[in-house]
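Each chain, written out:
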Amino acid sequence: MKEYAAFDAMGLAELVRTGEVSSKELLDEAVSRANTAQGELNCFSALYPDLAEAQLADLPKEGPFAGVPFITKDLGVMIKGAPLTNGSVSWKGHVAVQDSTLTERYRKAGLVMFGQTTSPEFGLTTTTESTLYGQTRNPWDVTRTSGGSSGGASAAVAAGVVPLAQASDGGGSIRIPAACTGLFGMKPSRGRTPMGPFQTEGWNGMSTVHAVSRTVRDNAALLDATHGRETGSRYVAPAPEGSFLEAVSRDPVPLKIALWRTAPNGTELSPEAVEGMEKTGRLLEGLGHTVVEAAPALDGEALGKAALFTISANIAAMIDARSAMLGRPVRQDELEPITYSMANLGRTVPMVELAKANNLFNAAAITFEHFLDEQGIDLILTPTIARPPEKLGVLALTADPDAMGAAVASFAPLCPLFNQMGAPAMSVPLHWTGPTETAPQGLPIGMMFGGRCGSEGLLFSLAGQLERADPWIDRVPPVWVG
């Protein structure tokens with residue numbers, strides 16, 4: 001157990017298979033580390049080792065992660081008998097009465113779920129802070145955000161509690177936390193992973209679920225274990241060519257990669273982000289790839305407005321559904337101030353605006369793929385976040401709305417585009433800033449690669465190559481329970 005954090009999830013599963021450790025020993029170790037991390041980082045909304053121990057009696061021996069401790073996010077993913085609050089006072093006390101479809105696939109893979117990580121209310125911002133649970137801190141600098149909305153997951157994995165954790169992404173919420181904490185994060189294509197059983201899409205298709213991890217192979221193996229059509233799904237992502245795990249160990253053919261310096265909304269990159277992007281460009285060229293500066297013409301202001309209308313309408317519907325469950329209206333004091341304002345906007349958005357938003361997202365996807373085809377480009381590269389991880393409080397749903405809105409729009413300006421298009425994108429931990437007064441080891445700034453719908457195999461292949469060329473596994477933060 002002293003070497004626990006030296007293994008990724010696949011490595012831990014191998015230890016269980018060979019009998020070197022038991023799944024109970026791994027669970028006890030993970031729970032102990034979770035309790036330590038909670039005191040330092042406030043990254044868990046709940047721990048339930050009793051539910052996990054009950055799972056140990058019926059572990060599928062053939063599962064790729066059999067016996068490996070695992071954590072899910074307090075947003076949308078149900079584990080029977082476990083709390084699920086969606087980061088909101090309005091959901092306080094709610095307990096799931098059944099598993100999500102994704103949870104069922106996790107169980108089949110052998111993962112042992114023992115806790116839930118923090119999320120901002122309804123996943124609505126790029127930091128993990130809420131009235132219900134407080135501020136989740138970044139293990140690289142506890143004065144800064146670990147990202148959002150999967151910031152609890154990223155903080156726990158980065159600190160060494162577990163090597164792999166579930167996350168979700170409706171506008172960057174897998175990639176931004178990964179970028180803020182020095183992890184690998186993949187947002188899959190629309191329709192790749194299940195959202196059921198009660199619905200098969202989130203935020204009109206913008207939201208997807210997957211994971212953050214310390215190694216690329218864990219992330220790929222988990223997607224192998226969980227992807228595929230679910231009951232009632234109206235669409236499914238293109239079938240992969242072989243397994244995602246196999247792609248990780250296979251170097252891609254030389255690629256043409258477009259470097260994007262400016263987001264569609266006009267946000268300029270910070271010097272630290274530019275340094276990371278240029279360093280990554282040189283690394284890619286050293287690996288035989290061609291890097292060019294090019295970007296499609298997209299209306300960032302219109303896309304941002306369309307996303308706001310779409311998300312606000314969905315949040316209003318979610319609050320109405322919670323009111324029906326409670327048998328009374330959700331009160332204003334049970335919601336964050338900005339959430340309450342967004343819900344009011346969602347109730348007043350003309351129906352035609354939602355149709356226009358969907359049409360705009362479709363047009364963006366078409367423009368993007370034409371850009372790739374016409375210029376012979378395989379993938380794009382840009383920093384996942386436009387500046388180092390933000391100080392806590394700036395991006396919170398309790399901040400000044402105007403200042404918070406501007407900060408969110410400029411923090412990770414290119415991330416939402418891939419949600420709107422339904423295309424996959426990943427954040428790879430390839431750059432750290434120089435030391436600061438509160439971050440003596442520097443701050444992570446992940447680099448984002450994105451491609452056309454269904455290109456996860458290519459992305460995993462490049463990620464594996466980058467991981468071998470510039471490994472990050474031995475970089476650990478000051479708050480390290482491993």
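Because the structure is a prediction, the values reported are computed rather than measured.

Caption draft 1: Spatial organisation of the sheet that holds strand β1 (residues 44-47). Spatial strand order, β1-β3-β2: 3 strands in an open sheet with mixed pairing. Each of the sheet's edge strands pairs with one partner strand only, and the pair in question is β1 and β2 (69-73). Averaged over all neighbouring strand pairs, the angle between strand axes comes to 35 degrees, with direction disregarded. Looking at chain direction, β1 and strand β3 (residues 112-117) are connected through 3 bridges and run antiparallel. Paired with Phe44 across the bridge in β3 is Thr117.

Caption draft 2: Quick peek at helix α7 (residues 216-226). With 8 of its 11 residues buried, α7 lies for the most part within the structure. Here α7 has its buried residues at Val216, Asp218, Asn219, Ala220, Ala221, Leu222, Leu223 and Thr226. Of the residues that open α7, the one with a side-chain oxygen 3.4 Å from the backbone nitrogen of Asp218 is Thr215. Once α7 finishes, Gly228 follows within two positions and takes phi at roughly 125 degrees, a positive value.

Caption draft 3: Fine view of the pairing of β2. Most of β2 sits out of view: 5 of its 5 residues are buried. Residue alternation in β2 divides its side chains into two sets, Pro69, Ile71 and Lys73 and Phe70 and Thr72, and both sets are buried. In the sheet, β2 pairs with β3 via 5 bridges, with the strands oriented parallel. From the neighbouring strand, Phe70 faces β3, where its bridge partner is Met113. This β-α-β element, β2 to helix α4 (residues 101-109) to β3, shows right-handed connectivity.

Caption draft 4: Structural detail: the environment of Ala54. Summarising the element assignment, Ala54 is placed in helix α3 (residues 49-56). A residue is classified by how much of its surface remains accessible, and Ala54, at 56% relative accessible area, is exposed.

Rules and cut-offs
- Residues numbered from 1 in each chain as written.
- Predicted model: local features only at pLDDT ≥ 70, side-chain atom pairs only at ≥ 80, totals over all residues.
- Heavy atoms only, no water.
- Pairing = 2+ DSSP bridges.
- Helix = DSSP H or I, 4+ residues; strand = E, 2+ residues; numbered from the N terminus.
- Axes fitted to C-alpha atoms, helices over the stretch in contact; angles between N-to-C directions.
- Buried < 20%, exposed > 50% of the residue type's maximum accessible area, 1.4 Å probe, protein only.
- Polar contact = N/O pair within 3.5 Å; in protein donor to acceptor, adjacent residues only side chain to side chain.
- Right-handed = clockwise from strand over helix to strand, strands pointing away.

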